[in-house]
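# Structural features, examined
Chain residues, written in single-letter form:
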Amino acid sequence: MTFQPLWQLRAQFARRLSRMYGEEVPAYNTLVDVSTAVNEDFMARHGADAERLGSIGRVTAERHGAIRVGSPREMAQVARVFAAFGMHPVGFYDLRDASASSVPVVSTAFRPVDPEELARNPFRVFTSMLAADDPRFFDQDLQQRLREFIDRRTLFPGELLELADRSAADGGLDTDDAERLLRLATRCFELSDEPVDHAWYRELEAVSAVASDIGGVSTTHINHLTPRVLDIDDLYARMEARGITMIDEIQGPPRWDGPDVLLRQTSFRALAEDRVFRFEDGTVGSGALRVRFGEVEQRGIALTRAGRDLYDRMVAETDRRLAEGQGNGVRVDVARTVWEEHLPRTEEELALRGLAYFTYSLDEHALGRREAPLAGADLELGSLIRSGVVVPQPIVYEDFLPRSAAGIFQSNLTDEGSRDDAQLGTDYDITVMSQVVGRTVTDPHELYQRQQDASLARLRERLGAVVAA
Ligand code: OOG
Ligand code: NI
């Protein structure tokens, strides 16, 4: 029996979910095919440069999924399932206030945290929990019934949770157990054919389509599975050319003539899927629900806290100009102008200004060509970069953006839902989320910083000198 380490389990988990989702939502297969073609063409055009933010092997296999659960108990359980695949909670996202319409969830993402693990397979799942205790969305009576409904269901069978704990503790499983784990885990995210209680579903839907999707059914399911592309504008155009209508614009940073930062995403709207309902009069019949959709992403460089502050200011400035009527209301056009005014045009400049994360490596040839030994001010990181002795390699952004996430949720709601802002919302933050999940939710900045610091430490060792950052 061969032992399967976590990363192999994770890669297989992603593949099996991908196969399942492709059977359930055929348009997903189209999206994957088009993404592959976009990436191949991009590689042909850009050569080795195309792999600056991840090897083509990694990018081709790369997916993120999204799932939604209903309670702290379910959140803690799904955390155990993901730990079996080496995926840990990173980042806290509060989508309740990130959108105007009713999106009553708080979220984290489960993903590998070590650079080597990310390089092997970066599968991540954006995981949202219904804030069923938030009185702005649910009154006392509905809260009570929602809790009862969710507490009655079992999303993750005991056998799966036990296998998962063993995989996490032992760093993997033998073939037979691995197969069982994969089968059980994949099945948990399949769309169920259990009849949906029509009256209950509609009651929740009146509050929020997200609430009914989570608390109106007896199981959870993959909400979308997202491939990564190297050129999202190309992808967008090719999908439209195939007659698949995408949402109006690409979320996140605009296309511009400078480094791509953070994350750009776009999606096509949820398609109607047949579901079985149990109606108010007791009859069972079919109906349609629109909840699952297709999304695609392009990843850029991770920004430091200072870079992120600048990003947030640029987004606010874009909003301000749009409200003033600039750019004929086309957000990406206004954003491009703002980017050109504020964001450095080169990666090197981002590094020198401490706006993005990089790993720093030594260019032995450049060092060898120097006549004088490095000393004093030459050893400042900025001078080392400028003189070409040290080369910054961008660290790719592995996380999500709350505003884009809210936009993705929102673009798939047909209705605003309802919320009562006179009520005080329940408090959630990364600390509360850690308690809910039952393990520490890591701040993504810590991970990027650690990776950058490790490269600087290697540099210091190699140069036998202090490199001042
Ligand atoms: C999650 C939406 C967030 C993303 O890519 O930002 C997300 C959901 O719809 O459940 O997946
Ligand atoms: Ni997504």
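Throughout this document, residue positions are counted from 1 along each chain, in the order its sequence is written. Chains carry letters and ligands carry numbers; both start at the beginning, A for chains and 1 for ligands, and go up in the order they are written. With pLDDT at 70 or above as the cut-off, local features in this predicted model cover only qualifying residues; side-chain atom pairs require 80 or more to be listed or tallied, and sums for whole chains, interfaces and linings still use all residues. Note that water and hydrogens are dropped before the side-chain values are worked out from all heavy atoms of the structure.

Moving on, we get to the site of ligand 1. Whether a residue is near a molecule or strand depends on its heavy atoms: it is near if one of them lies within 4 Å of it. Neighbouring ligand 1 are His 64, Ala 66, Arg 68, Phe 126, Asn 223, His 224, Gln 265, Glu 295, Phe 400, Ala 405 and Phe 409. Asn 223 places a side-chain nitrogen or oxygen 3.5 Å from an oxygen atom of ligand 1. Polar contact criterion, stated in full: a pair of N or O atoms within 3.5 Å, where within protein one must be able to donate a hydrogen and the other to accept it, and residues adjacent in sequence count only if both atoms are side-chain atoms. The side chain of Gln 265 places a nitrogen or oxygen atom 2.7 Å from an oxygen atom of ligand 1. Areas reported as accessible are Shrake-Rupley estimates using a 1.4 Å probe. Residue values count occlusion only from the protein chains shown. When the free accessible area of ligand 1 is taken as 320 Å², the share hidden by the protein chains comes to 100%. If you list the elements that add at least two residues to the shell around ligand 1, you get β2 (63-69) and α17 (402-411). Just so you know the grouping, Ala, Val, Leu, Ile, Met, Phe, Trp, Tyr, Cys and Pro go in nonpolar, Asp, Glu, Lys and Arg go in charged, and all remaining residues, Gly too, go in polar. Looking at the shell around ligand 1, its residues break down into five nonpolar, four polar and two charged. The helix count covers DSSP runs of H or I at least four residues long, the strand count covers runs of E at least two residues long, and both are numbered beginning at the N terminus.

Our next topic: a negative patch on the surface. Grouping into patches uses exposed residues only, defined as over 30% relative accessible area, and leaves out salt-bridged ones; the cut-off is 9 Å for like charges and 5 Å for nonpolar side chains (Val, Leu, Ile, Met, Phe, Trp, Tyr). Salt bridge, as applied in this entry: a Lys or Arg side-chain nitrogen positioned within 4 Å of an Asp or Glu carboxyl oxygen. Lys and Arg are tallied as positive, Asp and Glu as negative. Neither His nor the chain termini are counted. Think of each charge as sitting on NZ of Lys, CZ of Arg, CG of Asp or CD of Glu. On the surface, Glu 23, Glu 190, Asp 193 and Glu 194 cluster together to form a negatively charged patch. Counting through the fold element by element, Glu 23 comes out in helix α1 (residues 6-24). Between buried and exposed lies partly exposed: a residue is buried under 20% and exposed over 50% of the maximum accessible area for its type, with that area taken using a 1.4 Å probe on protein chains only. Note on Glu 23: relative accessible area 63%, which makes it exposed.

Let us now look at the nonpolar core. Of all hydrophobic cores here, the largest spans 64 residues; its most connected members are Trp 339, Tyr 360 and Val 390. Bear in mind that the domain bounds are from an automatic or database domain assignment. Counting the residues that make up this core, at least three belong to each of domain 1 (3-302 + 398-438) and domain 2 (360-393 + 443-469). The criterion used for residue contact is that any of the two residues' heavy atoms lie within 4.5 Å. Other than its neighbours up to four places away in sequence, Trp 339 contacts Pro 253, Pro 254, Trp 256, Val 261, Tyr 311, Met 314, Val 315 and Thr 318. What makes a nonpolar core is a set of buried Ala, Val, Leu, Ile, Met, Phe, Trp, Tyr and Cys residues whose side-chain atoms join them at distances within 4.5 Å. Leu 17, Val 69, Ala 84 and Leu 184 belong to the second largest nonpolar core, which has 46 residues in total.

Attention shifts here to the pattern of salt bridges. Applying the stated criterion across every chain, the model contains 46 salt bridges. A salt bridge links Glu 62 to Arg 124; the nearest nitrogen and oxygen atoms lie 3.1 Å apart. Taken together, the positions of Glu 62 in the loop between α3 (56-61) and β2 and Arg 124 in strand β5 (residues 124-130) put the pair 62 residues apart, joining distant regions of the chain. Given the relative accessible area of 0%, Glu 62 is considered buried. Taking relative accessible area as the criterion, Arg 124 reaches 0% and is therefore assigned buried.

Moving on, we come to the packing of helix α2 (residues 26-46) against helix α11 (residues 232-241). Interaxial angle, 0 to 180 degrees, is taken between N-to-C directions of lines fitted to C-alpha atoms, where a helix line uses only the stretch in contact. Remark: α2 packs on α11, axes separated minimally by 10 Å, with the N-to-C direction vectors making an angle of 135 degrees. As the angle between them shows, α2 and α11 are arranged oblique. When you trace α2 past α11, the crossing you get is right-handed. Along the contact surface, α2 presents Leu 31, Val 34, Ser 35, Ala 37, Val 38 and Asp 41, while α11 presents Asp 234, Leu 235, Arg 238 and Met 239. When grouped by side-chain class, the residues that make up the contact of α2 with α11 number six nonpolar, one polar and three charged. Should an angle fall under 35 degrees it is called roughly parallel, over 145 degrees roughly antiparallel, and 65 to 115 degrees roughly perpendicular, with every other angle called oblique. Should the near helix be turned anticlockwise from the far one by less than a right angle, the crossing is termed left-handed; should it be turned clockwise, right-handed.

It is worth spelling out helix α18 (residues 430-437) at this point. All of the buried residues in α18 are Met 433, Ser 434, Val 436 and Val 437. Buried residues of α18, seen end-on, are gathered within an arc of 160 degrees and therefore sit on one face of the element. In this structure, the buried residues of α18 make contact with α4 (72-83), β3 (88-94), β4 (105-111) and β5. With a side-chain oxygen lying 3.0 Å from the backbone nitrogen of Thr 431, the N-terminal cap of α18 falls on Asp 429. Positive backbone phi, approximately 85 degrees, marks Gly 438, located one or two places after α18. Summarising the geometry, the arc corresponds to the directions from the helix axis toward the C-beta atoms.

What follows is about the sheet that holds strand β11 (residues 284-290). Two strands are said to pair when DSSP picks up at least two bridges between them. Strand order in the open sheet formed by three strands is β7-β10-β11, and the pairing between neighbours is mixed. Of all strands in the sheet, those bounded by a partner on one side alone are β7 (196-197) and β11. Note: strand β10 (residues 272-278) against β11, seven bridges, orientation antiparallel. When the bridges of β11 are listed, Ala 272 appears paired with Arg 290.

The five strands lie next to each other as β3-β4-β5-β2-β8, forming an open sheet whose pairing is mixed. Two strands bound the open sheet, and with one partner strand each, they are β3 and β8 (224-227). Ignoring which end each strand starts from, the neighbouring axes of this sheet average 20 degrees apart. The pairing of β2 with β8 spans four bridges and is antiparallel. Bridge pairing in β8 links His 64 to Thr 226. Sitting on the sheet, α18 touches β3, β4 and β5, and the angle it makes with β4 is about 70 degrees.

On to the domain arrangement of the protein chain, then. Considered domain by domain, the protein chain is made up of domain 1 (3-302 + 398-438) and domain 2 (360-393 + 443-469). The C-alpha-based centres of domain 1 and domain 2 are spaced at 39 Å. Between domain 1 and domain 2, the contact holds 10 residues from the first and seven residues from the second. In short, buried area is how much 1.4 Å probe accessible area vanishes from two parts on joining, totalled over both. Considering only the surface of domain 1 that becomes buried against domain 2, Arg 52, Pro 115 and Ala 302 emerge as the three largest contributors, covering 40% of it.

On to the packing of helix α12 (residues 305-323) against helix α13 (residues 331-342). Between two packed helices, the angle of one axis relative to the other and the distance separating the axes together describe the packing. Axis separation between α12 and α13 bottoms out at 9 Å; the angle between their running directions is 130 degrees. In this view, α12 runs oblique relative to α13, as classed from their interaxial angle. As for how α12 packs across α13, the hand of that crossing is right-handed. Touching Leu 310, Tyr 311, Met 314, Val 315, Glu 317, Thr 318, Arg 321 and Leu 322 of α12 are Arg 331, Val 334, Ala 335, Thr 337, Val 338, Trp 339, Glu 341 and His 342, all from α13.

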